[in-house]
Amino acid sequence: MIKNYLKIAWRNLIKDRTFSVINIFGLAVGIAAFLLIVNYLRFEYSFDHFNSREARIFRVPMSITETGGKQQTFAFTYPALAPAMKKDFPEVEETVRFRKQWGVVSRGEKNLIENGQIYFVDPAVFKVFSFRFEKGTPETAFSGLNDAVITRTTANKFFGNEDPIGKPLHYRNEDFIVNAVLDDVPANSHIRFDVLLNFNKYIQLTHGSSNTSWGWSDFYTYVLLKPGASVAALQSKMPAFAERYRGADMKKNGFRVTFHLQPLADIHTHSTYGYEMDGSGDLYYLKYLGIAALLILLIALVNYINLSTARSMERSKEVGLRKVVGATRGQLIRQFLTESLLINALAILLGFIIYTLSLPGFASLIGRTAADLESADMLYWVTVTGIFLAGTLLAGFYPAFILSAFQPVQTIKSMALSGGRGQGKAFLRKALVVFQFTAAIVLIGGAIGFYRQLRFMSNRDLGVDIRQTLVLQQTVGTDSSKAGSVEAVIDRLQNIPGVQTVTLSTDVPGAGVGNSTSFTKPNSNEDKRVKEFGIDEKFIPNYGLTLLAGRNFDKDKPAGQDTSAPVSIILNETASKLLGFASPGEAINQLVDGAGFHCRIVGVIADYHQQSLQFDYDPIVFYPGLHINMTNFALKLDTKDLPALIEKAKSTWASVFPKSPLQYFFLDEFFTRQYQTDQLFATILWLFTILAIIVASLGLLGLSLYTVSKRLKEISIRKVLGASVVEITTLITRDYLKLIVYAGLVAGPSTYLLLQNWLKGYAFHIEIGVMFVLVPISLILVIALLTVLYQSLKAAMSNPTRNLRSE
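Computed from a predicted model, the values in this text were never measured in an experiment.

Let us now look at the overall build of the protein. From N to C terminus, the protein includes 27 helices and 24 strands. Taking all 807 residues of the protein together, 51% fall into the buried category. The long-range fraction of contacts in the protein, counting pairs at least 24 apart against all pairs at least 6 apart in sequence, stands at 80%. As displayed, the protein has an accessible area near 36,200 Å², and 58% of this comes from carbon and sulfur atoms.

All chains considered together, the criterion is met by five cavities of 30 Å³ or more. Volume-wise, the second largest cavity comes out at about 80 Å³. Forming the walls of the second largest cavity are Asn572, Tyr608, His609, Gln610, Gln611, Ser612, Phe615, Asp616, Tyr617, Asp618 and Ile620. Looking at the lining of the second largest cavity, its residues break down into four nonpolar, five polar and two charged.

Moving on to the sheet that holds strand S3 (residues 71-74). In spatial order, the strands read S3-S2-S12; together these three strands make up an open sheet with antiparallel pairing. Of all strands in the sheet, those with a lone pairing partner are S3 and strand S12 (255-259), marking the two edges. For this sheet, the mean angle separating the axes of adjacent strands, direction not counted, is 15 degrees. Judged from the five bridges that link them, strand S2 (residues 62-66) and S12 form a sheet pairing that is antiparallel. By the bridge assignment for S12, Met62 is matched with Phe259.

Mapped onto the secondary structure, Gln101 falls in strand S4 (residues 92-107). A relative accessible area of 4% means that Gln101 is categorised as buried. Separated by 2.9 Å, the side chains of Gln101 and Arg172 make a polar contact.

Moving on: unusual backbone geometry. Phi is positive for Asp48, close to 70 degrees, though the residue is something other than glycine. Relative to the helices and strands, Asp48 resides in the loop between helix H2 (17-45) and strand S1 (57-59). Unusually for a residue other than glycine, His207 sits at a positive phi of about 55 degrees. Within the secondary structure, His207 is located in the loop between helix H6 (199-205) and helix H7 (209-212). Overall, the relative accessible area of 76% leaves His207 in the exposed class.

With that settled, consider the packing of H2 against helix H12 (residues 329-365). Think of two packed helices as two axes; the pair is described by the angle between the axes and how far apart they sit. The interhelical angle for the contact between H2 and H12, taken along N-to-C directions, is 45 degrees, at an axis separation of 7 Å. Overall, the two elements H2 and H12 adopt an arrangement that is oblique. Crossing of H2 against H12: the hand is right-handed. Partitioning the contact of H2 with H12 into residue classes produces 19 nonpolar, five polar and no charged.

Next up on the list: the packing of aromatic side chains. Counted according to the given criterion, the structure contains 49 aromatic pairs. Each ring, one from Phe76 and one from Tyr220, has its centre 5.8 Å from the other, and the planes form 80 degrees; the classification is edge-to-face. Note that Phe76 is positioned in the loop between S3 and helix H3 (81-88) and Tyr220 in strand S11 (residues 220-225), a separation of 144 residues in sequence. Taken as a pair, Phe76 and Tyr220 share a single burial class, namely buried. Seen from their ring centres, Phe533 and Phe622 are 5.1 Å apart, and the 40 degrees between their planes marks the pair as tilted. Separated by 89 residues along the polypeptide, Phe533 in strand S17 (residues 528-535) and Phe622 in strand S22 (residues 620-624) bring together distant segments of the chain. It is Lys521 that lies over the ring of Phe581; its NZ or CZ is 4.4 Å from the centre.

A cluster of nonpolar side chains, contributed by Val770, Met771, Leu774 and Val775, occupies part of the molecular surface with about 360 Å² of accessible area. Its place among the elements puts Leu774 in helix H26 (residues 771-796).

Now for the environment of Leu645. With respect to the secondary-structure elements, Leu645 resides in helix H21 (residues 642-656). Classification of Leu645 as buried rests on a relative accessible area of 3%. For the pair Leu645 and Val499, spaced 146 residues apart in sequence, the C-alpha to C-alpha distance is 8.3 Å.

To continue, consider the pattern of salt bridges. Here the structure, examined in full by the defined rule, presents 17 salt bridges. Among the ionic pairs, Glu276 bridges to Arg59, the shortest N-O distance being 2.9 Å. Of this pair, Glu276 sits in the loop between helix H9 (267-270) and helix H10 (283-310) while Arg59 is found in strand S1, placing the two residues 217 residues apart along the sequence. The same class applies to Glu276 as to Arg59, namely buried. Of the charged contacts, one joins Arg99 and Asp218 as a salt bridge, the two residues approaching to 3.6 Å between their closest N and O atoms. Here Asp218 lies in the loop between H7 and S11 and Arg99 lies in strand S4, a separation of 119 residues in the sequence. The class of Asp218 is partly exposed, set by a relative accessible area of 24%.

With 90% of its residues at a pLDDT of 70 or more, the protein shows a mean pLDDT of 85. Averaged over each element, pLDDT in the protein is lowest for helix H15 (residues 408-412) (59) and highest for S1 (98). Per-residue pLDDT stays below 50 along residues 415-422; that stretch engages in nine contacts with residues further than four places along the chain or on separate chains.

Right, let's talk about the environment of Gly534 for a bit. As for its placement among the helices and strands, Gly534 is situated in strand S17. Residue class for Gly534 comes out buried when judged on its relative accessible area of 0%. Distance in space between the C-alpha atoms of Gly534 and Pro558 is 9.1 Å, their sequence separation being 24 residues.

Now for the packing of helix H23 (residues 676-710) against H26. Contact pair H23 / H26: the axes reach a minimum separation of 10 Å and the direction vectors enclose 25 degrees. In this view, H23 runs roughly parallel relative to H26, as classed from their interaxial angle. Between H23 and H26 lies a crossing of right-handed hand. Here H23 contributes Ile693, Ser697, Leu700, Leu701, Ser704, Leu705 and Val708 to the contact with H26, which in turn contributes Ile780, Ile783, Ala784, Thr787, Val788, Gln791 and Ala795. Split by residue class, the contact of H23 with H26 holds 10 nonpolar, four polar and no charged.

Glancing now at H26. If you check H26, its first and last C-alpha atoms are 35 Å apart, about what 26 residues at 1.5 Å a residue would give, namely 38 Å. A bend of about 35 degrees at Leu789 is the largest found in H26. For H26, the complete set of buried residues consists of Phe772, Val773, Pro776, Ile777, Ile780, Ala784, Thr787, Val788, Gln791, Ser792, Ala795 and Ala796.

Take the environment of Phe241 next. Among the structural elements, Phe241 can be located in helix H8 (residues 231-253). Judged by its relative accessible area of 0%, Phe241 is buried. Separated by 17 residues in sequence, Phe241 and Thr258 place their C-alpha atoms 9.4 Å apart. If sequence neighbours within four positions are ignored, Phe241 has contacts with Leu81, Ala84, Met85, Asp88, Phe89, Trp214 and Phe259.

So, about the pairing of strand S19 (residues 567-572). Burial runs high along S19: six of the six residues are buried. Because side chains alternate across S19, one face comprises the buried residues Val567, Ile569 and Leu571, and the other comprises Ser568, Ile570 and Asn572, equally buried. With six bridges joining them, S19 and strand S21 (residues 597-605) adopt parallel strand pairing. Across the sheet, Val567 pairs through a bridge with Cys599, a residue of S21. Judged from the two bridges that link them, S19 and S22 form a sheet pairing that is antiparallel. Within S22, the position partnered with Ile570 by the bridge is Phe622.

Cut-offs applied
Residues numbered from 1 in each chain as written. Predicted model: local features only at pLDDT ≥ 70, side-chain atom pairs only at ≥ 80, totals over all residues. Heavy atoms only, no water. Helix = DSSP H or I, 4+ residues; strand = E, 2+ residues; numbered from the N terminus. Buried < 20%, exposed > 50% of the residue type's maximum accessible area, 1.4 Å probe, protein only. Contact = heavy atoms within 4.5 Å. Areas by Shrake-Rupley, 256 points an atom, 1.4 Å probe, with all protein chains shown as cover. 1 Å grid on protein atoms, 1.4 Å probe; cavity = no way out; pocket = protein on both sides within 12 Å on 5 of 7 lines; lining within 4 Å. Points joined across faces, edges and corners; volume = space filled by probe spheres on them. Nonpolar A, V, L, I, M, F, W, Y, C, P; charged D, E, K, R; others polar. Pairing = 2+ DSSP bridges. Axes fitted to C-alpha atoms, helices over the stretch in contact; angles between N-to-C directions. Polar contact = N/O pair within 3.5 Å; in protein donor to acceptor, adjacent residues only side chain to side chain. Parallel < 35°, antiparallel > 145°, perpendicular 65-115°, else oblique. Left-handed = near helix turned anticlockwise from the far one by under 90°. Phe/Tyr/Trp six-rings, centres within 6.5 Å; stacked < 30°, edge-to-face > 60°. Lys NZ or Arg CZ within 6 Å of the ring centre and 35° of its normal. Patch = residues over 30% accessible without salt bridge, like charges linked within 9 Å, V, L, I, M, F, W, Y side chains within 5 Å. Salt bridge = Lys/Arg side-chain N within 4 Å of Asp/Glu carboxyl O. pLDDT = per-residue confidence, 0-100. Expected span 1.5 Å × (residues − 1). Bend = angle between axes of the 7 residues up to and from the residue.

Quick look at the structure:
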């Protein structure tokens, strides 16, 4: 019997090739798109799951709230917190600190510039995290102060096929001995490194302050709780813990610090803390992609239901004849479910093929490898396949039950279904079409909104001139004895043809200012947390910043050079307001205390965007920095021969700093990198929105083909009676256009709420108007019109005698 069911199912599949192709291809595209998105989401949500003790590992970030001020959040904390927590809380089994480093690791002539991929870590790191050892053991990895642990890729760079164990690597005037080699860090780890060094060595280098300080931060701290320990109970003890160690400072300086326990599994997708180790995933984006994946799959399944029910009248006579010769309803249901299963099995197979072929390109698009997005977990694939089969089976049940319920006499006479079933079926079909295009309009509206916000951020006046700016960065710190070298390189760079000016600073636009401190007015107990930014006297004019009051630096002595006179500082507008000055002019010549110095405000500049427009203006205090302490050399350029200028800059740099390999970038490109996640998401969303439109249009094409074929005689009679081509075309298309208008009415509020919720995450954003709904509706109307119009015109222009010959 099953063989017979399959044979008949295959014959029907071949008989109606057009509908079969539309059904199978539409479902296959939906399945492939669903798989691509779901595998990407699986990867994003799998971060740090490779750690065997994941459920017991927590990071300890902190937030600082000033009295009457805004809250600042930090993914890191104080170095003294780790030993204090282990001492004070019996729930804590181990603690680990990560202290990020920059600079050059070298071996002979081989240099490796490590931008934040070097960490000093506590030796307990391997008791907490499950990094796999290729050589060495967790117990002996940091048995010596100068021991180093490197990854396999780092070992290959320095040692090739040699055994690296026991061999030295040079870093910051010291040799560190390789004592272990790890497998490369998994791609789904939020902690990424190439070289790990012993934190006990860092304690020695900092004379103990990196183990006892409650004022210094920048230490990423993790705790491993004992089995059975209550996280809620430990969190409830944290306020008293903060008061015990920071209470006096909090009371004196008018701020409150709060320590949190953040589950390891939440860091990549849920973290909202500043200064993350590595770029974290955006939970909102991931949720939206998940919704998009579900909508695309539902659109594909709706196509199947619509086309199957639309063709039900065509097969009604077949059902009637089968019932007359003795077929039961159960047998008919099994027959139609077999057809559904065959179509869906072919669609799933084709979907997997499309997915497999497109995975490498999709992975490249999102900056991953195909291996990252592939899963060997059998349970995962069984679950996904089960979802497809269950979804398609449910989609096949409705047509099967509709078809098997036809009455023999009525179907043989080609009459309408009794009891209003025909009307109910038509209503459901229309409702499903409305759902399809509601989903498509929401996806298009969201994609347009994300694109417009991205464009807004890219085109907005930043308040700072980052054009034609080449930034050279020192990769090795320079001691004070080399001050003459810094001045020499400035002079030589200045003399390169095409270089207008050279300015030095501790930071550059395009990233958060690295250092912060507290400032207060005299006779005030309220400290205000601000960013501190070292610059020279050319920084403000070179970057096109606007002075609102006062003056620029001009031979002002750097902090620490003259303790008898106040240090000159310049505030941005936000810092001026934060410190309580009613206007920029009021702040000029006022004295404030901060960073251990008495300071005099000599200028106030207009706010500019130091970071992405996702963030509000930070309060920034600019101070005249020592050239020796500023590592960013910004060259303003006036040349089209950039390759020649860069080569000249490299040779000039190497002649002065031979042991500090040059690292450089163009500032506009560096600034734009902040929007990589936004650009990536916008690209992915547009890609899958287009796929959703294609799938929905395929369904509409199938419905229009069927509708036209069933109304050919009606169209012919109307044409004989004098109806024009326009009237006939309008007759066929207006029903579909009405459904799209209904979809627009449903999709409008959804799109508005979706975009409004997303834009809350941006300090500076676009305004949402009616165009975000009207444009998607118009686009869908045009696509639907083009889809249906061809069939309508073909029917309207056909010879009526050909269709009426049998009447």
